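Observations on chain architecture
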2 protein chains.
Amino acid sequence: MVKALARFLPILDWGARYQRSTLISDLVAAVVVTIMLVPQSLAYATLAGLPPQMGLYASIAPLIVYAIFGTSRTMAIGPVAVVSLMTASAASRVATQGSPEYIAAALILALISGAMMLAMGLLRMGGLAKLLSNPVVNGFTIASSVIIAASQVGPLIGVKTSGQTLYAIAVSLTARLGDFNAWTASIGVASTAFLFWVRKGFKPVLMRLGLKSGTAAIVAKTGPVLAIVVSTLLVVGLGLSAKGVRTVGAIPIGLPPFTLPPHAGPVWLQMMLPALFISIIGFVSSISVAQALAARRRQRIDPNQELIGLGASNLAAALTGGFPITGGFARSVVNFDAGAETPAAGAFTAVGLAAAALVLTPLLYFLPVATLAATIVVAVLSLIDVPDMARVWRYSKRDFAAMAATIAVTVVAGVEAGLATGVGVSILFYLHRASKPHVAVVGQVPGTQQFRNADRHDVITAPEVVSLRIDESLTFANASWLEEMVPATLADRPEVRDVVLMCSAVNDIDASALESLGLLNAHLEAAGVTLHLSEVKGPVMDRLQRSSFTQALTGRVFASQYEAFRALAPAACDSRAMDLSENVFGEGI
Amino acid sequence: MVKALARFLPILDWGARYQRSTLISDLVAAVVVTIMLVPQSLAYATLAGLPPQMGLYASIAPLIVYAIFGTSRTMAIGPVAVVSLMTASAASRVATQGSPEYIAAALILALISGAMMLAMGLLRMGGLAKLLSNPVVNGFTIASSVIIAASQVGPLIGVKTSGQTLYAIAVSLTARLGDFNAWTASIGVASTAFLFWVRKGFKPVLMRLGLKSGTAAIVAKTGPVLAIVVSTLLVVGLGLSAKGVRTVGAIPIGLPPFTLPPHAGPVWLQMMLPALFISIIGFVSSISVAQALAARRRQRIDPNQELIGLGASNLAAALTGGFPITGGFARSVVNFDAGAETPAAGAFTAVGLAAAALVLTPLLYFLPVATLAATIVVAVLSLIDVPDMARVWRYSKRDFAAMAATIAVTVVAGVEAGLATGVGVSILFYLHRASKPHVAVVGQVPGTQQFRNADRHDVITAPEVVSLRIDESLTFANASWLEEMVPATLADRPEVRDVVLMCSAVNDIDASALESLGLLNAHLEAAGVTLHLSEVKGPVMDRLQRSSFTQALTGRVFASQYEAFRALAPAACDSRAMDLSENVFGEGI
């Protein structure tokens, strides 16, 4: 009973063995992640077109829920850049940014995608996430990052922009270029430069100041907070608000509100597909981070339980004024490096964020929006993995084509179209590959009952009998291939009287393939050729016998290919053959 | 040169050998098909929500073009019921029936789907039509036929209905039930009853009147024309027009006009997906008819050239005032049975239709719409293949589920949603199957270098070495399975030191699977297990070597599984083994 419960509530497992030393490690990690997550959560809420406090809200209840249901020991969930962009793209289709309808759409997105993940997890459909090949996911991440970076150029220099495609952003940027504000641009560019430097350059400086390597690495992660503190002080000290530098402004103080997305309406229908995409991208990117980190500590991740954890977290986000969230890459690595040992670190981070929501918000009044933009730009530019593109290009032109198509369509036509293209292209390539299975003309290995590829082995064949071994299940994807392939093989061999399809690798024959087999049988019959099957697997044979195919079949179904060859080509067959499953050397040797 | 041309212009092939006797056969068939096609083309244009003359126009130029480019000797193309319903469904989304915009949408649909088919044919993507499994196509046809039959109930009793789902049709029917017209209903019901009877009952009557079986069968096909003549005469004789019986009315006299779909606009974008669906359904249903008929005369159909032929025909339809067309089942069988030997029969049919457009149209003024509705009802009810549903149910529950989902969604939510569901479900099932490939723990067949499934054969294994034969290519569909499967196999075998993946059936490793192999390698390394590969095929190995995987691999890549086993488990390996490709009996025995 407890074991069954523990499967759905991993907290029962690790919670029972929780120790004092683990508590300290988790607390340290939580402090570091909190410092990192406060500016990120504000920035990503802005990126999603939502009020900044929704970023804080999205980082409280969901983290506690994930700590209960998630299987990753070290993943840090919350708002992430790509999902925030997808939220903005979907919500701005049904409402204008800043309106109550827009906020409602974000809550609905979190609710639907949470419910979808939960359902997929309970139905154990974690494997289906692989509808997206890695190159497609990486291409989508790259393209989204480019769009996000472009969308932050405006805020970085004091210009309000809109749009979720490169073109739309560029148009709105040039239209309002007159709003350029030198003070904003100075803060924006300086923050960006500092944040780029701090990622590599801060740690050596701290070490020269006497900090140990590990401590220095953790302190270096406070760089974004430093940028926020310094730029806020600059705004206050120099009175830059009056000089046109846009700041975050008033953020309501308090814990997350209880929110219920509005009643069902047409918006819910319109959010279905975007929510599905958010579920898939959220899950796929999260699970790959979780698995990579788990592998380093030899832990295991259960993809289905992970879907349940992320689904429950998104439901929690929808009910507490948040928006769609998932596991973040950089943040999880920091959590891991800072020593997090259990999901409790996530719960402690939630406490830190709650404290920030209660205490910190008044201090953020003068935080310049440009600094948040700089945070986003630096975060997403690290997601643009050019070496990976080169690797894929070298390794597989087909995968590269899927990746390139995803990038191009995402950048030009937006995230939903891009993702749909990626999925579509992957599946087309896959079916294309599956539509031409490997097939071998086989012959008898002399002195045995074995049959091997006649092109690669020195085997016995008979001119009037063609034996074809089909190395794949027969399904709708290759049914038409089957109808073509057999006659094509016989085209220049008028002497053939019998065709044997050796089905040792055929694990399934679906209704489409069955129909094609029937047509093939009729076609061969018309041409005076008899069709036989051999080595049909038990379950496949059971189903064939429930159809009328076995009656229509002109030839026989042989238990083994050897039996078929001996019956159809007795003169050619090497009948000294003995079964390989006996020791050919016998006992005496 | 001529040969290359002949590939794209099959007319050069059969045209060069055209004989007088063929001419006569083709002419006879053309007359029969013309008699059948005139009422059908009018009826299907009405079903598509278009003026009746567009049905005639769609049956002239496209037939001539198909005669030039098509590969089927006997297929009769023109408007068909299901595609007409799809046209109505798509066009009524952007315009109201009867408006110039509605007609423009139909032209655009023909143009886009023609261009799509042409492109798919030139890119040799005929095999991809198999995105649709047979049960999905059959389910879609059944559901469409139900919708079409329901949509004709209104016209049959004098009530105008609208809508493309069962619910919408039922609503509009009940709302206007007051328009019921007894005269119309009498004609409608009588025509329906007559047309049902004529299909089976007319031929025996004709034979009793002294006609030969073959001739009687052909004359029996004139049944619909008889219904049209009689009901038109009734309307004229009894003055039924004045009594509320709706008739076809004025049809412009003349040959098809030259039409150019309007300039690109948002409508074009909205027609893209419906046009794709029309292309696919049009092609799939046409090719299966063509192949079935070709098989009876031992001819071959080239699916890609068939796409070119249908594509060019649809372009012709778009340019001559028509709408999307494809090969019709019943009509092609009649053409075949009437003796058509070459595509010239189609061209002659076009001449017949042109004559009808020039001469016959005034006579159609008093043709009651109810008779056309009866023609449609009788035609589509024959497409509802209940025995096929039962066959699929018996044969494969999975295929039946796809079929049932397609039928349910089509009937409830319309043709596009239904077809999308069918494709989606098929692909999900397919990927689900592909995501769990067959894998076998293999061992050495004593005294040989062969390795077989340890569950099914008596083979030699070693406790510290696990050899897994993977019976499928490694792709994104099974990449996550691979990461799970190997550790799961090792879970209760702590003594394992080496894992060998035997790749004899792995024809491809895509970028996603490569990444999973890398993760698996790292995971096993962390657990103190070495990963090896064996029997990697040449092309796969070439690509692996272009990646960094072979450097990261903790173990080796063995040329053969035997070599791997001998190196990793020298104590267990039966090294008396000899190669199977030599005759194990030697020369002396």
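Residues numbered from 1 in each chain as written. Chains lettered and ligands numbered in written order. Predicted model: local features only at pLDDT ≥ 70, side-chain atom pairs only at ≥ 80, totals over all residues.

Re the overall build of chain A
Rules: A run of H or I in DSSP counts as a helix once it spans at least four residues, and a run of E counts as a strand once it spans at least two, with each numbered from the N terminus. Only the C-alpha atoms count toward the radius of gyration. The rule for a globule is 2.2 Å times the residue count to the power 0.38. Every C-beta atom is placed from the backbone, and the number of other C-beta atoms within 10 Å of a residue's own sets its class: buried at 20 or more, exposed at 12 or fewer, partly exposed in between. We call two residues in contact whenever the C-beta atoms placed from their backbones are within 7 Å.
A count of helices and strands for chain A gives 25 helices and eight strands. Relative to the globule expectation of 25 Å for 589 residues, the C-alpha radius of gyration of chain A, 31 Å, shows a markedly less compact shape. Taking the principal axes of its C-alpha atoms as reference, chain A extends roughly 100 × 60 × 50 Å. Classification of the 589 residues of chain A by burial places 54% in the buried group. Across chain A, every contact between residues at least 6 apart in sequence was considered, and the portion connecting residues at least 24 apart equals 80%.

Re the sheet that holds strand β3 (residues 439-444) of chain B
Residues and elements named next belong to chain B. Keep this limit in mind: When DSSP finds at least two bridges between two strands, those strands are taken to pair.
Strand order in the open sheet formed by six strands is β4-β3-β5-β6-β7-β8, with mixed pairing between adjacent strands. Each edge of the open sheet is held by one strand with a lone partner, namely β4 (451-453) and β8 (557-558). Of the pairings in the sheet, the one linking strand β7 (residues 530-534) to β8 comprises two bridges and is parallel in character. Within the sheet, the bridge partner assigned to L533 lies in β8 and is V557.

Comments concerning the interface of chain A and chain B
With 62 residues of chain A at the contact, the number on the chain B side is 62 residues. Every element with two or more residues in the side of chain A that touches chain B is listed here: α8 (134-157), α13 (266-296), α18 (386-395), α20 (415-434), α21 (479-490) and α22 (511-526) of chain A. Sorting elements by how many residues they give to the side of chain A that touches chain B places α22(A) first, with eight residues.

Remarks on the domain arrangement of chain A
Inclusion rule: By convention here, the domain bounds are inherited from an automatic or database domain assignment.
Domain assignment breaks chain A into domain 1 (2-429) and domain 2 (439-568). Computed from C-alpha atoms alone, the centre-to-centre distance between domain 1 of chain A and domain 2 of chain A is 54 Å.

With respect to the environment of H438(A)
Summarising the element assignment, H438(A) is placed in the loop between α20 and β3 (439-444). Separated by 31 residues in sequence, H438(A) and R469(A) have C-alpha atoms that sit 8.6 Å apart.

Considerations on the packing of α8(A) against helix α9 (residues 166-175) of chain A
Residues and elements named next belong to chain A. Going by this rule: For helices, the fitted line uses only the C-alpha atoms of the stretch in contact; every axis is such a line through C-alpha atoms, and the angle between N-to-C directions lies from 0 to 180 degrees. Any angle that falls under 35 degrees is termed roughly parallel, while one over 145 is termed roughly antiparallel, one within 65 to 115 roughly perpendicular, and all others oblique. Residue type decides the class: Asp, Glu, Lys and Arg count as charged, Ala, Val, Leu, Ile, Met, Phe, Trp, Tyr, Cys and Pro as nonpolar, and the leftover types, Gly among them, as polar.
Close contact between α8 and α9 brings their axes to 10 Å; oriented N to C, the two are set at 10°. Taken together, α8 and α9 sit at an angle that is classed as roughly parallel. From α8, I147, A150, S151, V153 and G154 reach across to α9, where they touch L166, I169 and L173. Class assignment of the residues belonging to the contact of α8 with α9 gives a composition of six nonpolar, two polar and no charged.

Regarding the relation of the copies chain A and chain B
Where we set the bar: Least-squares superposition aligns the copies on the C-alpha atoms of those residues with pLDDT at or above 70 in both.
For the match of chain A to chain B, the screw axis carries a shift of 0.0 Å, the RMSD comes to 0.3 Å, and the turn is 179°. Taken together, the turn and the small shift mark the pair as related by a two-fold rotation axis. Taken together, the interface assignments show that 100% of the residues at the interface of chain A recur at the interface of chain B, consistent with an identical surface on both copies.

Points about the pairing of β3(A)
Residue and element names in this part refer to chain A. Note that β3 and strand β5 (residues 465-470) share three bridges and pair antiparallel. In the strand pairing of β5, V441 is matched with L468. Counting the residues in the hairpin turn of β3 and strand β4 (residues 451-453) gives six residues, including G447, whose phi is positive at 80°.

Here we look at the confidence of the model for chain A
When pLDDT is low, close inspection of the predicted coordinates is not appropriate. Note the threshold: Every residue is assigned a pLDDT by the predictor, reflecting its confidence on a scale from 0 to 100.
Across chain A, pLDDT averages 87, with 96% of residues at or above 70. Across the interface, the model reports ipTM at 0.74; the global pTM reads 0.75.

Section: the sheet that holds β3(A)
Residue and element names in this part refer to chain A. Across the sheet, six strands lie side by side as β4-β3-β5-β6-β7-β8; this open sheet has mixed pairing. Each edge of the open sheet carries a strand with a single partner, namely β4 and β8 (557-558). Two strands pair when backbone bridges link them, and β5 and strand β6 (residues 498-502) are joined in this way by five bridges, in the parallel orientation. When the bridges of β6 are listed, S467 appears paired with V500. Contacting β3, β4, β5, β6, β7 (530-534) and β8, helix α25 (residues 561-568) runs over the sheet at an angle of about 175° to β6.

Quick notes on the environment of A43(A)
Residue and element names in this part refer to chain A. Within the element layout of this structure, A43 appears in helix α3 (residues 20-47). Of the residues examined, A43 has 28 C-beta atoms within 10 Å and is grouped as buried. Considering only alpha carbons, one finds A43 and P343, 300 residues apart in sequence, at a separation of 24 Å. Residues in contact with A43, not counting those within four places in the same chain, are L372, T375 and I376.

Focus on the nonpolar core
Test applied: Put simply, a nonpolar core is a cluster of buried Ala, Val, Leu, Ile, Met, Phe, Trp, Tyr and Cys residues tied together by C-beta atoms within 7 Å.
Ranked by internal contacts, the top residues of the largest apolar core, which has 366 residues, are L109(A) and L109(B). If one sorts the elements of this core by residue count, helix α7 (residues 100-122) of chain B sits on top with 14 residues. Once residues lying within four places of it in the same chain are set aside, the contact partners of L109(A) are T87(A), A90(A), A91(A), M271(A), P274(A), A275(A), I278(A), F323(A) and P324(A).

A closer look at the pairing of β3(B)
As defined by bridge partners, β3(B) adjoins β4(B) across three bridges and the pair is classed as antiparallel. Residue V442(B) lies in a different strand from β4(B), and its bridge partner there is N453(B).

What about the packing of helix α6 (residues 81-94) of chain A against α8(A)?
All names here are of chain A. Rule in force here: Crossings are sorted by hand: turned counterclockwise from the far helix by less than a right angle, the near helix makes the crossing left-handed, and turned clockwise it makes it right-handed.
Remark: α6 packs on α8, axes separated minimally by 10 Å, with the N-to-C direction vectors making an angle of 70°. Taken together, α6 and α8 sit at an angle that is classed as roughly perpendicular. In the packing of α6 onto α8, the handedness of the crossing is left-handed. Across the interface between the two elements, A81, V82 and L85 of α6 pack against T141, S144, I147 and I148 of α8. A breakdown of the residues in the contact of α6 with α8 according to their chemical character gives five nonpolar, two polar and no charged.

Some points on helix α15 (residues 329-337) of chain A
All names here are of chain A. Regarding α15, the residues found buried are F329, R331, S332, V334, N335 and F336. The inward-facing, buried residues of α15 contact α3, β1 (77-78), α13, β2 (326-327) and α16 (344-360). Of the residues flanking the end of α15, it is G339, one or two places downstream, whose phi is positive at about 105°.

With respect to the environment of P256(B)
All names here are of chain B. If you trace the backbone, P256 turns up in the loop between α12 (223-238) and α13 (266-296). The class of P256 is buried, set by 23 C-beta atoms lying within 10 Å. With 195 residues separating them in the primary sequence, P256 and A61 have C-alpha atoms 8.3 Å apart. With residues up to four places along the chain from it excluded, the contact list for P256 reads Y57, I60, A61, T320 and G321.

Observations regarding unusual backbone geometry
Positive phi is not limited to glycine here, since R124(A) has a value of about 55°. For R124(A), the location among the structural elements is in the loop between α7 (100-122) and α8. A tally of 13 C-beta atoms within 10 Å means that R124(A) is categorised as partly exposed. Positive phi, normally seen in glycine, also occurs at E535(B), with a value near 55°.

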